[in-house]
Amino acid sequence: MIIEDGCFIGSRAIIVEGMLIEREAVIGAGVALTASTVILDVTGPVPVEIRGRIPARSVVIPGTRPRKFPPANIRSRAL
């Protein structure tokens, strides 16, 4: 793992091998990051999936996204 200068890592965050945290990124409390964790960049009109790196000056918080399973929609952790 590589954590560049000026980053803030919140309490109980887990960052393991294969991750690049670029300069001045903020990782929220309780976030777990691995090389296969899907990071959703929602700054544009369409979400973009990123794996293995956190762009510079990003803020990362834990979250879920809806998944459709018959007969209901269920919120699950992003994989």
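So, here's what we can say about the structure.

Thresholds applied
Residues numbered from 1 in each chain as written. Predicted model: local features only at pLDDT ≥ 70, side-chain atom pairs only at ≥ 80, totals over all residues. Heavy atoms only, no water. Salt bridge = Lys/Arg side-chain N within 4 Å of Asp/Glu carboxyl O. Buried < 20%, exposed > 50% of the residue type's maximum accessible area, 1.4 Å probe, protein only. Core = buried A, V, L, I, M, F, W, Y, C linked by side-chain atoms within 4.5 Å. Contact = heavy atoms within 4.5 Å. Pairing = 2+ DSSP bridges. Helix = DSSP H or I, 4+ residues; strand = E, 2+ residues; numbered from the N terminus. Patch = residues over 30% accessible without salt bridge, like charges linked within 9 Å, V, L, I, M, F, W, Y side chains within 5 Å. Areas by Shrake-Rupley, 256 points an atom, 1.4 Å probe, with all protein chains shown as cover.

**Topic: the pattern of salt bridges**
In step 1: Scanning the entire structure with this criterion turns up 4 salt bridges.
In step 2: Linking E24 and R23 is a salt bridge whose minimum nitrogen-to-oxygen distance equals 3.7 Å.
In step 3: Under the relative-accessibility criterion, E24 is labelled partly exposed at 38%.
In step 4: The exposure class of R23 is partly exposed, given its relative accessible area of 42%.
In step 5: Notably, a salt bridge pairs E49 with R51, separated by 3.7 Å at the nearest N-O pair.
In step 6: Given a relative accessible area of 45%, E49 falls into the partly exposed group.

**Considerations on the nonpolar core**
In step 1: Counting 11 residues, the largest nonpolar core consists of I15, M19, I21, A25, I27, V31, L33, I39, I50, I54 and V60.
In step 2: Leaving out residues up to four positions away in the same chain, V60 has contacts with V26, I27, G28, V31 and I54.

**Notes on the pairing of strand β8 (residues 48-51)**
Regular strands have side chains that alternate between both faces of the sheet.
In step 1: Direction of pairing for strand β7 (residues 38-41) relative to β8: antiparallel, over a ladder of 4 bridges. Bridging across to β8, L40 finds its partner in E49.
In step 2: With antiparallel pairing between neighbouring strands as the criterion, β7 and β8 make up a hairpin whose turn holds 6 residues.

**A closer look at a nonpolar patch on the surface**
In step 1: On the surface, a cluster of nonpolar side chains totalling about 270 Å² of accessible area is made up of M1, I3 and I9.
In step 2: Exposure remark for M1: the relative accessible area of 55% places this residue in the exposed category.

**What about the sheet that holds strand β1 (residues 2-3)?**
In step 1: The strand order across the open sheet built from 3 strands is β1-β4-β9, with neighbouring strands paired in parallel fashion. In this open sheet, the two edge strands, each paired with only one partner strand, are β1 and β9 (53-54).
In step 2: The pairing of strand β4 (residues 20-21) with β9 spans 2 bridges and is parallel. In the sheet register, L20 faces β9, and the bridge partner there is R53.

**Description of unusual backbone geometry**
In step 1: With phi around 60°, R12 is a residue other than glycine that occupies positive phi space.
In step 2: Although it is not a glycine, R57 adopts a positive phi angle of roughly 65°.
In step 3: Residue position: R57 is located in the loop between β9 and β10 (59-60).
In step 4: Overall, the relative accessible area of 60% leaves R57 in the exposed class.

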